[in-house]
Number of protein chains: 2
Amino acid sequence: MRLAIAGAGAVGSSVAQLAGDYGHRVTAVADSSSAAIDPDGLDVDAVLERKDSEGAVGTADPGDALETDYDVLVEATPTTLGDAQPGFGHLQRALQRDRHVVLANKGPVAERYGEVMALAEDSAGEVRFEATVGGAIPVLSTIEDYGPETITAARGVLNGTANFILSRMAAEGLDYEHVLAEAQDLGVAEADPSFDVEGTDAALKCVILANVLSDGREYTLEDATVEGIEAIPPSALELARGDGRTIRLIGEVAGGEIRVGPRLVPEQADLAPSGTRNIVQLETENAGRLNLSGRGAGGPETATAVLSDINRLTRAVP
Amino acid sequence: MRLAIAGAGAVGSSVAQLAGDYGHRVTAVADSSSAAIDPDGLDVDAVLERKDSEGAVGTADPGDALETDYDVLVEATPTTLGDAQPGFGHLQRALQRDRHVVLANKGPVAERYGEVMALAEDSAGEVRFEATVGGAIPVLSTIEDYGPETITAARGVLNGTANFILSRMAAEGLDYEHVLAEAQDLGVAEADPSFDVEGTDAALKCVILANVLSDGREYTLEDATVEGIEAIPPSALELARGDGRTIRLIGEVAGGEIRVGPRLVPEQADLAPSGTRNIVQLETENAGRLNLSGRGAGGPETATAVLSDINRLTRAVP
């Protein structure tokens, strides 16, 4: 397949780097200020080197990347709330041109799911977004194969940064501010960690799950009840530990409700992974509970989910 | 889709019962001595009631089930070794008629993988077999979506009976014979448990994984190094426990080698599920380790995997 990649951050760059191994060709890469375009296939290494050295992937206008030859638009610009721009606009343009869209950007399917599905309905292109929930973990593909109507609930640990902080606080008896600083040093938390520690990122993933599992109702971030981890004192973790439990930031989608917040879970339970690992539990109508766990973030990990989606497109009815 | 189901045991019956919920129609069900056939769709409840009361699903010849109208043959006759008959013959006939085949029967893909793939190559029908490895767990679909060439190793607990016995032995300090009898009372172990406790069942699943992950070499049960759990004394489990470990029957596929045998694993590790639960770990080239766990056996659970495969067929390029 020929890929156009919007967004040249960790995920976009990883998709570009791995595309060749999966038999694809990259015809365009765009960052926020420029684009590199070659319908015959870009020299990806050269493009990414240029990005490193000159701060721009190329000399073309970023908008031109959407007008070149490609089969799949990989939308990997940063997730934005509300109007989900510029990601939504990119998706819209690609679908209008009857191209497929694979999202790593959560915005369009968390905030404007109904519009995205309507655009896909009118297009010969398909929209896939495995990378938006649980990184490398095959959550949405499993739901699709099982049939969304046979999944009765989904819950899990969906933010690696928050999980890292809670794991460390519990293991070392350290307070939130201390561990957050440590996580920032390690690159596990961003300079502004609010998106992760306030539960917004986990909530967006739950909203996407709710949309996929819904039989018609559309959800946005506003429908989620969200609590973060900033207010958890070490004493709460200590208290939990005395009872063989710990605290994790759990997201849950069930019965049309979306909730994200700190929850007490048994210390050795599936829902208490350590470090940055994510887990998703799916409750199924006919086969009990499925546990799917793996790396929930990271460039190559998330790129793998994008490439899995592209693999599925190659098998889809045109 | 129109389904013909060969085999009316726990899995075949469950597929028949659930098919309607998934939008499919059952046009034939065959057991070893008879068949019920109706190109317009069978009354599944009546067929299964007849099976219960009269010991036969219908009055037609079982072979006729393969000649009626259907889109997918669900092959759910018992797994046999060597020539993998009658399952292999059923698969062959369906593919020759350009029909799809979904296997719950491990025999054809464990013992005659190359022939199965060659038949599929010459057919407009496709062969899928998610149900043969890990019951309800989406193992093969994940490998397919990721791309088999990006999976470097697979290991796991792939037999619920053996895992139940080892879990109980470890938890209660009881000996093998005692727990086996208990498992037989509970219906977790069969009257002749050798297939499960000698490691053959887990090995067949590993052979299937090896075939799927292979880039050309074909594997059969003969290529697997297999050791069972019958000789494990309670003292070994006690010794392991003193060290924070336990013993599980682990199957592993890596570097062209297939090994199944009792292994020491940390008591709280992912590879030490309790009871009849199965887990599969996939080591990936670009996304670290994936853990997939769930119910590895049972009629509705395995039927769910069959129905997932059929879902994937409906999206496949014809």
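The structure displayed is predicted, hence computed values, not measured ones.

S.K.: Just checking my understanding: could you explain the packing of aromatic side chains for this structure?
M.R.: The geometry of an aromatic ring pair comes down to the distance between the two centres and the angle between the two planes. Residues and elements named next belong to chain A. This structure, assessed with the given rule, holds 2 aromatic pairs over all chains. Plain terms: the ring middles of tyrosine 113 and phenylalanine 129 are 6.3 Å apart, the flat faces sit at 85° to each other, and that makes the pair edge-to-face. One end of the pair, tyrosine 113, is in helix H5 (residues 113-121); the other, phenylalanine 129, is in the loop between strand S6 (127-128) and helix H6 (139-146), and 16 residues separate them in sequence. Here tyrosine 113 matches phenylalanine 129 in class, with each residue buried. In this arrangement the basic side chain of arginine 99 is found over the ring face of tyrosine 70, its NZ or CZ atom lying 5.7 Å from the centre. Against the face of phenylalanine 88 rests arginine 112, its NZ or CZ located 3.6 Å from the ring centre.

S.K.: Before we go on, may I ask you to explain the sheet that holds strand S5 (residues 100-103) of chain B in this structure?
M.R.: The strands that make up a sheet pair up through hydrogen bonds in the backbone, lying either parallel or antiparallel. Residue and element names in this part refer to chain B. A sheet is described by the order of its strands in space; here 6 strands give the open sequence S3-S2-S1-S4-S5-S6, paired in mixed fashion. A strand with exactly one partner marks an edge of an open sheet, and here the two such strands are strand S3 (35-37) and strand S6 (127-128). Examined bridge by bridge, strand S4 (residues 72-75) and S5 share 4 bridges and lie parallel to one another. Pairing of valine 72 across the sheet is with histidine 100, part of S5. Against the sheet, helix H1 (residues 10-19) makes contact with strand S1 (2-6), strand S2 (25-30) and S4, and its axis sits at roughly 160° relative to S1, the strand it touches most.

S.K.: Teacher, can you tell me more about the pairing of S2 of chain B here?
M.R.: A regular strand carries its side chains on alternate faces of the sheet. Residue and element names in this part refer to chain B. Burial analysis of S2 places 5 of its 6 residues in the buried class, which makes it a mostly covered element. With 5 bridges joining them, S1 and S2 adopt parallel strand pairing. Looking at S2, one finds that alanine 6 is bridged to alanine 30. As for the winding sense of the linkage, the β-α-β connection from S1 through H1 to S2 is right-handed. Adjacent in sequence and paired antiparallel, S2 and S3 are bridged by 4 residues.

S.K.: I tried to follow the relation of the copies chain A and chain B on my own but got confused; where do I start?
M.R.: Each of the two chain copies can be brought onto the other by rotation about an axis and movement along it. Aligned on chain B, chain A shows an RMSD of 0.0 Å; the corresponding rotation is 180° and the shift along the axis is 0.0 Å. Such values leave the two copies arranged in the relation of a two-fold axis. A shared binding surface is used by both copies, with 100% of the interface residues of chain A retained as interface residues in chain B.

S.K.: Mind showing me how you'd approach the packing of H6 of chain A against helix H12 (residues 299-315) of chain B here?
M.R.: The relative placement of two packed helices is expressed as an angle between their axes plus a distance between the axes. Contact geometry of H6 of chain A with H12 of chain B gives a least axis separation of 7 Å together with a crossing angle of 95°. Classified by the interaxial angle, the pair formed by H6 of chain A and H12 of chain B is roughly perpendicular. On H12 of chain B, the residues touching Glu144, Asp145 and Tyr146 of chain A of H6 of chain A are Thr304, Ser308, Asn311, Arg312 and Arg315 of chain B.

S.K.: Quick question: what am I supposed to make of the side chain of threonine 161 of chain B here?
M.R.: All names here are of chain B. By secondary structure assignment, the location of threonine 161 is in helix H7 (residues 160-172). In terms of polar contacts, threonine 161 uses its side chain to reach the backbone carbonyl oxygen of valine 188, at 2.9 Å. Discounting chain neighbours no more than four positions away, the residues touching threonine 161 are Val188, Ala189 and Asp196.

S.K.: Teacher, can you tell me more about the UniProt feature "binding site: NADPH" (unreviewed entry) in chain A here?
M.R.: Listed under "binding site: NADPH" (unreviewed entry) in the UniProt record, and renumbered for this structure, are Lys106 of chain A. By the secondary structure assignment, lysine 106 of chain A is in the loop between strand S5 (100-103) and helix H4 (107-111).

S.K.: Is there a simple way to explain the sheet that holds strand S1 (residues 2-6) of chain A in this structure?
M.R.: Spatially, S3-S2-S1-S4-S5-S6 (chain A) is the arrangement adopted by the 6 strands of the open sheet, whose pairing is mixed. Across the chains shown, the open sheet's two edge strands, defined by having one partner strand only, are strand S3 (35-37) and S6 of chain A.

S.K.: What should I look at first to understand a negative patch on the surface in this one?
M.R.: A surface patch of like charges, here negative, comprises Glu190, Asp192, Glu198, Glu227 and Glu230 of chain A. As for its position among the elements, glutamate 198 of chain A is in the loop between helix H9 (194-197) and helix H10 (200-213).

S.K.: So what exactly am I meant to see when it comes to the domain arrangement of chain A here?
M.R.: When the parts of a complex come together, some accessible area is lost, and that lost area is often taken as the interface size. Residues and elements named next belong to chain A. Taken domain by domain, chain A comprises domain 1 (2-135 + 299-315) and domain 2 (143-295). Here the C-alpha centre of domain 2 lies 27 Å away from the C-alpha centre of domain 1. Counting from both sides, the interface comprises 17 residues of domain 1 and, opposite them, 19 residues of domain 2. Roughly 1500 Å² of surface becomes buried between domain 1 and domain 2 when both sides are summed, with 62% attributable to carbon and sulfur atoms. Inspection of the domain 1/domain 2 interface yields 5 salt bridges. Residue aspartate 201 is joined to lysine 106 by a salt bridge in which the shortest nitrogen-to-oxygen separation is 3.3 Å.

S.K.: Please clarify how the interface of chain A and chain B should be interpreted in this entry.
M.R.: Residue-level contacts link 34 residues of chain A with 34 residues of chain B. In this assembly, chain A packs against chain B so that about 3000 Å² is buried in total across both faces, 45% of it on carbon and sulfur atoms. When residues of chain A are sorted by the area they lose upon contact with chain B, Asp145, Asn286 and Arg315 of chain A head the list and together hold 22% of the total. Where chain A meets chain B, there are 2 salt bridges. In this assembly, chain A and chain B are joined by 12 residue pairs in polar contact (both at pLDDT 80 or more). Counting residues per element, the ones that place at least two in the side of chain A that touches chain B are H6, strand S12 (288-295) and helix H12 (299-315) of chain A.

S.K.: Is there a simple way to think about empty space enclosed by the protein in this case?
M.R.: Sizing a probe to match a water molecule and rolling it over the atoms shows the empty space that remains. On inspection of all chains with the given rule, the structure shows 3 cavities of 30 Å³ or more. By volume, the largest cavity amounts to about 60 Å³. Surrounding the largest cavity, Glu130, Ala136, Ile137, Pro138, Ser141, Ala305 and Ser308 of chain A together with Thr142, Asp145 and Tyr146 of chain B form its lining. Where the lining of the largest cavity is concerned, the elements lending two or more residues are H12 of chain A together with helix H6 (139-146) of chain B. Top element by residues in the lining of the largest cavity is H6 of chain B. It accounts for 3 residues. Its residues placed into classes, the lining of the largest cavity shows 5 nonpolar, 3 polar and 2 charged.

S.K.: Can you help me understand the pattern of salt bridges in this one?
M.R.: When charged atoms on two side chains of opposite charge get close, those side chains can pair. The tally for this structure, following the rule as stated, stands at 46 salt bridges over all chains. Arginine 217 of chain B is the salt-bridge partner of aspartate 223 of chain B, the closest N and O atoms lying 3.7 Å from each other. By relative accessible area, which is 32% here, aspartate 223 of chain B ends up partly exposed. Of the charged contacts in the structure, one is a salt bridge between arginine 245 of chain B and aspartate 243 of chain B, with a shortest N-O distance of 3.1 Å. Relative accessible area serves as the criterion here: at 34%, arginine 245 of chain B is assigned to the partly exposed category. Given a relative accessible area of 52%, aspartate 243 of chain B falls into the exposed group. Linked through salt bridges whose partners overlap, the residues forming this network are Glu126, Arg128, Glu144, Asp145, Asp309 and Arg312 of chain A together with Glu126, Arg128, Glu144, Asp145, Asp309 and Arg312 of chain B.

What counts and what doesn't
Within each chain, residues carry numbers counting from 1 in the order of the written sequence. Labels are handed out in written order, letters beginning with A for the chains and numbers beginning with 1 for the ligands. Restriction of local features to residues with pLDDT of at least 70 applies here, the model being predicted, together with a cutoff of 80 or more for giving and counting side-chain atom pairs; totals for whole chains, interfaces and linings are based on all residues. Hydrogen atoms and water are omitted, and side-chain values are computed over all heavy atoms in the structure. For Phe, Tyr and Trp, where Trp contributes only its six-membered ring, two rings pair if their centres lie within 6.5 Å, and the inter-plane angle classes them as stacked under 30 degrees, edge-to-face over 60, or tilted in between. Segments assigned H or I by DSSP are reported as helices when at least four residues long, segments assigned E as strands when at least two residues long, and all are numbered from the N terminus. Categorising residues by exposure relies on relative accessible area from a 1.4 Å probe, with only protein chains included: less than 20% of the type maximum marks a residue as buried, more than 50% marks it as exposed, and the intermediate range marks it as partly exposed. Two conditions define a charge located above a ring, namely a distance within 6 Å from the ring centre to NZ of Lys or CZ of Arg, and an angle within 35 degrees of the ring normal. A pair of strands is treated as paired once DSSP finds two or more bridges between them. Residue contacts are defined here by distance: any two heavy atoms, one from each residue, within 4.5 Å place the two residues in contact. Note on definitions: angles span 0 to 180 degrees between N-to-C directions of axes, and those axes are lines fitted to C-alpha atoms, for helices only across the stretch in contact. For crossovers, right-handed means that the path from the first strand over the helix to the second runs clockwise, given strands pointing away from the viewer. When the copies are superposed, the least-squares fit takes in the C-alpha atoms of residues with a pLDDT of at least 70 in both. For classification purposes, an angle smaller than 35 degrees is called roughly parallel, one larger than 145 roughly antiparallel, one from 65 to 115 roughly perpendicular, and anything else oblique. As used in this structure description, the phrase polar contact means that two N or O atoms lie within 3.5 Å; if the pair is within protein, one of them must be able to donate a hydrogen and the other to accept it, and residues adjacent in sequence are counted only when both atoms belong to side chains. UniProt positions are given in the numbering used here, feature names are shortened, and annotations may be inferred rather than shown by experiment. Note that patches include only residues with greater than 30% relative accessible area and no salt bridge, and the join distances are 9 Å for like charges and 5 Å for nonpolar side chains (Val, Leu, Ile, Met, Phe, Trp, Tyr). Note that accessible areas follow from Shrake-Rupley with a 1.4 Å probe, and for residues the cover is restricted to the protein chains shown. One side-chain nitrogen of Lys or Arg within 4 Å of one carboxyl oxygen of Asp or Glu is enough to make a salt bridge. In this charge count, Lys and Arg are treated as positive and Asp and Glu as negative; neither His nor the chain ends contribute. For charged residues, the charge sits on one atom: NZ in Lys, CZ in Arg, CG in Asp, CD in Glu. Those domain boundaries reflect an automatic or database domain assignment. Two parts placed together each lose some accessible area; with a 1.4 Å probe, that loss summed over both constitutes the buried area. Only protein atoms enter the 1 Å grid used here, on which a cavity is any set of points holding a 1.4 Å probe that cannot leave and a pocket is any open set flanked by protein within 12 Å on both sides along at least five of seven lines; residues with an atom within 4 Å of a point are listed as lining. Grid points are joined across faces, edges and corners, and a volume is the space filled by probe spheres set on the points. When residues are sorted by character, Ala, Val, Leu, Ile, Met, Phe, Trp, Tyr, Cys and Pro go into the nonpolar class, Asp, Glu, Lys and Arg into the charged class, and all the rest, Gly among them, into the polar class.

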